[in-house]
Amino acid sequence: MTQKYSLVNPYNNEPLGEYNYSTWTEIEEKLALLKKGQKTQNKTAAFERANVLMSLASLLKEHSEEMAKLITLETGKTISDSRVEMVRAVNATIASAEEARQISGESLDSDAYAPAGGKIGVVCWRPLGTIFCITPFNFPINIAMHKIGPAYAAGNSILFKPGPQNTASSLFLVDLCYQAGIPKSVLQFCMPPLSDLDRLNAHPAINAINFTGGTAAANAISAAAGYKKLLLELGGNDPLIVMDDADLKAAAQSAINHRFATAGQRCTAAKRLFVHASVYQEFRDILVEKSSALVVGDPMKDETFVGPVIHQAAANEIRERIESALKEGATVALGNKYEGAFVYPTILENVSANSEVMIEETFGPVMPLYKFEDVEEIIPIINNTAYGLQAGIFSNNLKVIRHLFEELDVGTLATNDGPGFRTEHFPFGGVKESGVGREGIKYAIREMSYTKTLVI
Ligand SMILES: NC(=O)c1ccc[n+]([C@@H]2O[C@H](COP(=O)([O-])OP(=O)(O)OC[C@H]3O[C@@H](n4cnc5c(N)ncnc54)[C@H](O)[C@@H]3O)[C@@H](O)[C@H]2O)c1
Ligand SMILES: O=CCS(=O)(=O)O
């Protein structure tokens, strides 16, 4: 019997629709079709894929506002945030088109080492086959294009599974992909029930799994996937460091943009703030004043900066995290206010370095401030977390920047910007439990390909 799931708008709990989970028979049929799609891809030239991706970019741009509204209805993220996501998704698609033309290998002479002389090695890139692309709720279209775009550009077939919450926007995206010219044998949407995911992750017709989401799901995927190639983009507990020479107004605005936008639900959000003691009070006062003016409310309104988090359970988890910090002596400079799925922007002070809010990922608008005298003391505190995604620092002291670049366990350090800095063609990913591999279009193409060498 077909299982169903129903969705509601996180802002007002209005029904968004009821959908059928994919049956296992449907999944097997999709995988068989995608296997045939690999042959279609092998007969498709790179320039043809590039042209299809440029057509998709145009369709995404044409339907951006319609898609942005869908994203806001599904996730509660503000319409301004969703519009920015669509600009980024168009850019990710254009970048995929451009990189589709540039997938080149190299030729190597064999006489570098005795005795193998007289041969030439022609190193080529070839697609892995069928990629299982799995996306999270918070950036449903941009993250989907960071998977579908490079996977298609590399010549793969794609089984696409978004978060259930994003069913409508994802089905719309897949339809636009078909309109642009991606064959149904090359891209298929699926929504299996949780009970079928382990079996699907282990399925021999899947050659690689490209996953963005949380640690728990990643652990289940890696346990089931065996020798499959995994590209894992996971959680973060990113620091933003404000040094004694920082532009404090710019740093405060960046902290707000990188912590309270998307109601704090970004992997690269500024989840911990480290502020030099010499500027702490001035920075803290600017931050509280600016944050207290943020509009919290209907995410469909242009003036709203903070909408609800994804559901009530997430709001409860965030509140428990805040209350745990308060029990350990933290104090509230702003917020600690809740209404249904709304968590109001919250700024905490006097936070213990060993509290959960400093060590675990808090996926909501909570900003712990940590005052420090010497940058050496915060390096072990910043690294004392399972995550290592990105970091941001406000300073023009190149010696300090270079030192932190080498000492911090992160994939990217952004200077005079927040840890959420990301542009579609830069390498993106972290270390430790923030993931394995790199996205960023050119890098993702290589992650979903393998080298094949012809020796002549
Ligand atoms: N590094 C990044 O690029 C990035 C970007 C966005 C979000 N995230 C992380 O994602 C998390 C929040 O997103 P979320 O709540 O959607 O994450 P989640 O892990 O709950 O779900 C992510 C996706 O995985 C699917 N999933 C869950 N269990 C699975 C399994 N066993 N096998 C296959 N698929 C499975 C879900 O249905 C969803 O599509 C946070 O930890 C955040 O930091 C990371
Ligand atoms: O949560 C992260 C979303 S993005 O900035 O990587 O798109």
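Our subject is the structure listed above.
Described below are features of the structure shown in this document. Quick caveat: nothing in here was measured; it's all calculated off a predicted structure.

A short note on the side chain of lysine 30
Argument step 1. Take lysine 30: it is sitting in helix 1 (residues 24–42).
Argument step 2. Of the side chains with opposite charge, glutamate 26 comes closest to the buried, unpaired lysine 30, at an N-O distance of 6.5 Å.

A few points about unusual backbone geometry
Across residues other than glycine, the phi torsion is negative in most instances, and most of the peptide bonds are trans.
Argument step 1. Note that the residue after alanine 114, namely proline 115, is joined by a cis bond; omega there is -5°.
Argument step 2. Along the chain, proline 115 falls in the loop between strand 3 (106–109) and strand 4 (120–127).
Argument step 3. Residue alanine 263 is not a glycine yet carries a positive backbone phi of 50°.
Argument step 4. With respect to the helices, strands and loops of the structure, alanine 263 is situated in the loop between helix 9 (248–259) and strand 11 (270–276).

Re the environment of valine 332
Argument step 1. Its location among the elements puts valine 332 in strand 12 (residues 331–334).
Argument step 2. On the basis of relative accessibility, which here comes to 37%, the residue valine 332 falls in the partly exposed class.
Argument step 3. Taking the C-alpha atoms as reference points, valine 332 and proline 299, separated by 33 residues in sequence, lie 25 Å from one another.
Argument step 4. Ignoring any residue separated from it by four or fewer positions in sequence, one finds valine 332 in contact with Leu326, Ile347 and Leu348.

Topic: a nonpolar patch on the surface
Argument step 1. Together, Ile120, Leu454 and Ile456 give the surface a local cluster of nonpolar side chains, amounting to about 290 Å² of exposed area.
Argument step 2. Within the fold, isoleucine 120 resides in strand 4.
Argument step 3. Classification of isoleucine 120 by relative accessible area gives partly exposed; the value is 40%.

Reading the values: the criteria
Residues numbered from 1 in each chain as written. Chains lettered and ligands numbered in written order. Predicted model: local features only at pLDDT ≥ 70, side-chain atom pairs only at ≥ 80, totals over all residues. Heavy atoms only, no water. Helix = DSSP H or I, 4+ residues; strand = E, 2+ residues; numbered from the N terminus. Buried < 20%, exposed > 50% of the residue type's maximum accessible area, 1.4 Å probe, protein only. Lys, Arg positive; Asp, Glu negative; His and termini not counted. Salt bridge = Lys/Arg side-chain N within 4 Å of Asp/Glu carboxyl O. Contact = heavy atoms within 4.5 Å. Patch = residues over 30% accessible without salt bridge, like charges linked within 9 Å, V, L, I, M, F, W, Y side chains within 5 Å. Areas by Shrake-Rupley, 256 points an atom, 1.4 Å probe, with all protein chains shown as cover.

By themselves, these observations are geometric and do not establish any function.
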